[in-house]
Protein chains: 2
Amino acid sequence: MPKNCNFIEKLREVGLRPTKQRVKMCEVLYNREKTFHFTINDLVKLLSEKMNQKISLATVYNTVHAFEKKGYLKEISIDSHKSYFDTNTSAHHHFFDEDTHELIDCDESDIDKINIRKNITGKKINSVEVLVRVASDNQTQK
Amino acid sequence: MPKNCNFIEKLREVGLRPTKQRVKMCEVLYNREKTFHFTINDLVKLLSEKMNQKISLATVYNTVHAFEKKGYLKEISIDSHKSYFDTNTSAHHHFFDEDTHELIDCDESDIDKINIRKNITGKKINSVEVLVRVASDNQTQK
DNA sequence: AATCTACATTATAATAATTCTAAACTATTG
DNA sequence: CAATAGTTTAGAATTATTATAATGTAGATT
Ligand SMILES: [Mn+2]
Ligand SMILES: [Mn+2]
Ligand SMILES: [Zn+2]
Ligand SMILES: [Zn+2]
């Protein structure tokens with residue numbers, strides 16, 4: 001979903017009614033320079049800060065999952081104890097900063113194309129994604 | 001942890017008392033040909049099948065996390081709704097079968113070495129792992 | 001071998017994340 | 001400006017996981 005686009009139109013395109021809660025969530029999620037990686041908790045906090053009237057927790061869950069189903073968000077698994085979502089819905093690689101627990105997209109050019117030499121018989125490859133775990137250089141990080 | 005090794009000794013080595021529950025769990029986890037990928041639920045089922053006396057759920061959780069802390073198990077994140085563990089504790093790549101929800105280790109030779117061209121400034125790379133999502137070739141799989 | 005003690009197991013309760021429910025609300029259609 | 005289908009909401013229910021505290025046991029000490 002591009003920055004500053006017509007969110008009402010974008011929601012209609014996929015059969016979602018452009019309610020004020022959904023439009024507000026679009027603004028918070030997509031009106032930014034870079035890809036946004038967040039947990040439900042992050043999003044709830046952000047929304048309550050940026051809104052006069054708060055959006056119910058159930059609605060945040062409903063809407064995030066509705067956006068995911070319609071291809072406007074992607075769920076990312078890095079830490080099994082936390083559910084991350086990503087406004088970049090294409091297959092792409094990540095750095096995960098183990099100090100800050102921050103997820104960062106890799107640039108296309110940061111990682112050479114991955115070559116899968118042998119696949120499971122009878123299966124087709126849906127996606128190939130790399131996770132690079134990084135941590136502070138100096139400290140005695142595990 | 002190698003197959004058919006002295007589990008009592010292996011537990012003592014890392015300061016874990018070789019109780020009958022822990023030894024039984026070692027047998028179930030490590031006495032197998034291939035790497036074992038499982039959820040807590042899988043393991044609980046397996047244990048109740050293979051044992052006359054059942055191991056309490058709390059003990060399964062405690063023990064899995066104790067083994068993880070001691071480096072005998074590794075937690076893997078593929079699906080944020082489910083926690084997978086892996087008896088192969090080295091950094092390695094996986095196929096994930098989206099039809100069966102099965103995790104399969106890649107052979108060293110299945111994937112060419114990953115070349116990270118640019119890393120985050122001031123951070124060191126702890127691990128680089130690839131997840132290849134596969135699904136049935138024929139069916140109209142998403 | 002009996003006793004001691006720190007650690008482990010267990011059933012159960014507590015917590016946390018997520019989903020469900022059903023009533024009130026609202027965007028769209030006619 | 002209804003009618004209606006879809007949406008929001010608070011709160012209850014469910015699920016996975018962790019905490020609690022009583023009981024049990026491995027390994028050490030006598
Ligand atoms: Mn989900
Ligand atoms: Mn864990
Ligand atoms: Zn991303
Ligand atoms: Zn593995």
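Here the structure is shown first, and the text comes after it.
Analysis parameters
Residues numbered from 1 in each chain as written. Chains lettered and ligands numbered in written order. Predicted model: local features only at pLDDT ≥ 70, side-chain atom pairs only at ≥ 80, totals over all residues. Heavy atoms only, no water. Near = heavy atom within 4 Å. Helix = DSSP H or I, 4+ residues; strand = E, 2+ residues; numbered from the N terminus. Nonpolar A, V, L, I, M, F, W, Y, C, P; charged D, E, K, R; others polar. Least-squares fit on C-alpha atoms with pLDDT ≥ 70 in both. Contact = heavy atoms within 4.5 Å. Pairing = 2+ DSSP bridges. Polar contact = N/O pair within 3.5 Å; in protein donor to acceptor, adjacent residues only side chain to side chain.

1. Describing the protein's contact with DNA strand D
Working step 1: The full set close to DNA strand D counts 19 residues, and Thr19(A), Gln21(A), Arg22(A), Arg12(B) and Tyr61(B) are the nearest of them.
Working step 2: Near the protein, within 4 Å, the atoms of DNA strand D are sugar or phosphate in 79% of cases.
Working step 3: Within the residue set of the surface near DNA strand D, elements represented by two or more residues are helix H2 (20-30) and helix H4 (57-69) of chain A together with helix H4 (57-69) of chain B.
Working step 4: Counting residues per element, the surface near DNA strand D draws most heavily on H4(B), which supplies four residues.
Working step 5: Split into classes, the residues belonging to the surface near DNA strand D amount to six nonpolar, eight polar and five charged.

2. Points about the relation of the copies chain A and chain B
Working step 1: Placing chain A over chain B gives an RMSD of 0.1 Å and needs a rotation angle of 180 degrees, together with 0.0 Å of translation along the axis. Such a combination of turn and shift is consistent with a two-fold rotation axis. The rotation axis passes nearest to the C-alpha of Val130(A) in chain A, at a distance of 2.2 Å.
Working step 2: Most of the interface of chain A is mirrored in chain B, where 98% of its interface residues again form contacts.

3. Some remarks on the pairing of strand S3 (residues 82-86) of chain B
All names here are of chain B.
Working step 1: Taken together, the three bridges between strand S1 (residues 37-39) and S3 define a ladder with antiparallel strand orientation. Among the inter-strand pairings, histidine 37 is bridged to a residue of S3, identified as aspartate 86.
Working step 2: Where strand S2 (residues 74-79) lies against S3, four bridges are found, and the strand directions are antiparallel. Among the inter-strand pairings, glutamate 75 is bridged to a residue of S3, identified as phenylalanine 85.
Working step 3: Hairpin connection, S2 to S3: the antiparallel pair is bridged by two residues.

4. A look at the protein's contact with DNA strand C
Working step 1: Lining the immediate surroundings of DNA strand C are 19 residues, of which Arg12(A), Tyr61(A), Thr19(B), Gln21(B) and Thr59(B) lie closest.
Working step 2: Among the atoms of DNA strand C close to the protein, meaning within 4 Å, 77% are from sugar or phosphate groups.
Working step 3: Here a phosphate oxygen of DNA strand C and a side-chain polar atom of Arg12(A) are 2.7 Å apart.
Working step 4: Put simply, the parts of the chain that give the surface near DNA strand C at least two residues each are H4 of chain A together with helix H2 (20-30) and H4 of chain B.
Working step 5: The greatest single-element share of the surface near DNA strand C, amounting to four residues, is contributed by H4(A).
Working step 6: A per-class count over the surface near DNA strand C returns six nonpolar, eight polar and five charged.

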